[in-house]
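Each chain, letter by letter, is given below.
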Amino acid sequence: MDAKLPFVLRCIEAAPTDPLPRLLEAKWAIHDQKLGDARNILEEIVRVHPTVVDAQAALGLTLLETGTAEEVVTWHEQLPEGSE
């Protein structure tokens, strides 16, 4: 485990409704090539906070690696207005 991840986990514990620590956790998972974990975290973030564009972008990139063409199209169709 990277030395910085415990800090991120403490941030998640301290502010469980804030999407930004979870986004950092997802980006850490992407960095560690744990794309399935990242995808799960990102899907949760955008389900609760669909206007967090950075999470939407990271999910789109993760879906390109782990998902099907249909999943990418579905993700793109549900983007909030102005996310392009």
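## Regarding helix H3 (residues 35–48)
Line of reasoning, step 1. With 14 residues, H3 should reach 20 Å at 1.5 Å per residue; the first-to-last C-alpha distance of 20 Å fits that figure.
Line of reasoning, step 2. For H3, every residue scored as buried is listed here: Leu 35, Ala 38, Arg 39, Ile 41, Leu 42, Ile 45 and Val 46.
Line of reasoning, step 3. Against helix H2 (19–31), helix H4 (53–66) and helix H5 (69–77) lie the buried residues of H3.

## Section: the nonpolar core
Line of reasoning, step 1. Counting 14 residues, the largest nonpolar core has Leu 23, Leu 42, Ile 45, Ala 55, Leu 59, Leu 63 and Trp 75 as the members making the most contacts within it.
Line of reasoning, step 2. In contact with Leu 42, other than residues within four places in its own chain, are Leu 23, Ala 26, Ile 30, Ala 55, Ala 58, Leu 59 and Thr 62.

## Regarding the packing of H3 against H4
Line of reasoning, step 1. As a packed pair, H3 and H4 sit with axes 9 Å apart at the nearest point and diverge in direction by 140 degrees. What the angle tells us is that H3 and H4 run oblique. The handedness of the crossing between H3 and H4 is left-handed. Contacts from Leu 35, Arg 39, Leu 42, Glu 43, Ile 45 and Val 46 of H3 reach H4 at Ala 55, Gln 56, Ala 58, Leu 59, Thr 62, Leu 63, Glu 65 and Thr 66.
Line of reasoning, step 2. Tallied by class, residues from the contact of H3 with H4 come to eight nonpolar, three polar and three charged.

## Some thoughts on the confidence of the model for the protein
Keep in mind that low pLDDT regions are not for reading the predicted coordinates in detail.
Line of reasoning, step 1. Model confidence for the protein is summarised by a mean pLDDT of 92, while 95% of its residues fall at 70 or above.
Line of reasoning, step 2. Per-element mean pLDDT across the protein ranges from 89 in helix H1 (residues 5–14) up to 97 in H3.

## Observations regarding H4
Line of reasoning, step 1. Relative to the 20 Å expected for 14 residues at 1.5 Å per residue, H4 spans 20 Å between its end C-alpha atoms, a close match to the ideal helical length.
Line of reasoning, step 2. Buried-residue contacts for H4 involve H2, H3 and H5.

## Points about the pattern of salt bridges
Line of reasoning, step 1. This structure, assessed with the given rule, holds five salt bridges.
Line of reasoning, step 2. A salt bridge links Arg 39 to Glu 43; the nearest nitrogen and oxygen atoms lie 2.9 Å apart. Of the two residues, Arg 39 and Glu 43 both sit in helix H3, four residues apart, roughly one turn of that helix.
Line of reasoning, step 3. Assessed through its relative accessible area of 31%, Glu 43 is described here as partly exposed.

## Structural notes on the environment of Ala 38
Line of reasoning, step 1. By the secondary structure assignment, Ala 38 is in helix H3.
Line of reasoning, step 2. Each residue touching Ala 38, except ones within four places of it in the same chain, is listed here: Ala 26, Ala 29 and Ile 30.

## Description of the environment of Val 48
Line of reasoning, step 1. With respect to the secondary-structure elements, Val 48 resides in helix H3.
Line of reasoning, step 2. In sequence terms Val 48 and Leu 20 are 28 residues apart; their C-alpha atoms lie 12 Å from each other.

Definitions and cut-offs
- Residues numbered from 1 in each chain as written.
- Predicted model: local features only at pLDDT ≥ 70, side-chain atom pairs only at ≥ 80, totals over all residues.
- Heavy atoms only, no water.
- Helix = DSSP H or I, 4+ residues; strand = E, 2+ residues; numbered from the N terminus.
- Expected span 1.5 Å × (residues − 1).
- Buried < 20%, exposed > 50% of the residue type's maximum accessible area, 1.4 Å probe, protein only.
- Contact = heavy atoms within 4.5 Å.
- Core = buried A, V, L, I, M, F, W, Y, C linked by side-chain atoms within 4.5 Å.
- Axes fitted to C-alpha atoms, helices over the stretch in contact; angles between N-to-C directions.
- Parallel < 35°, antiparallel > 145°, perpendicular 65-115°, else oblique.
- Left-handed = near helix turned anticlockwise from the far one by under 90°.
- Nonpolar A, V, L, I, M, F, W, Y, C, P; charged D, E, K, R; others polar.
- pLDDT = per-residue confidence, 0-100.
- Salt bridge = Lys/Arg side-chain N within 4 Å of Asp/Glu carboxyl O.

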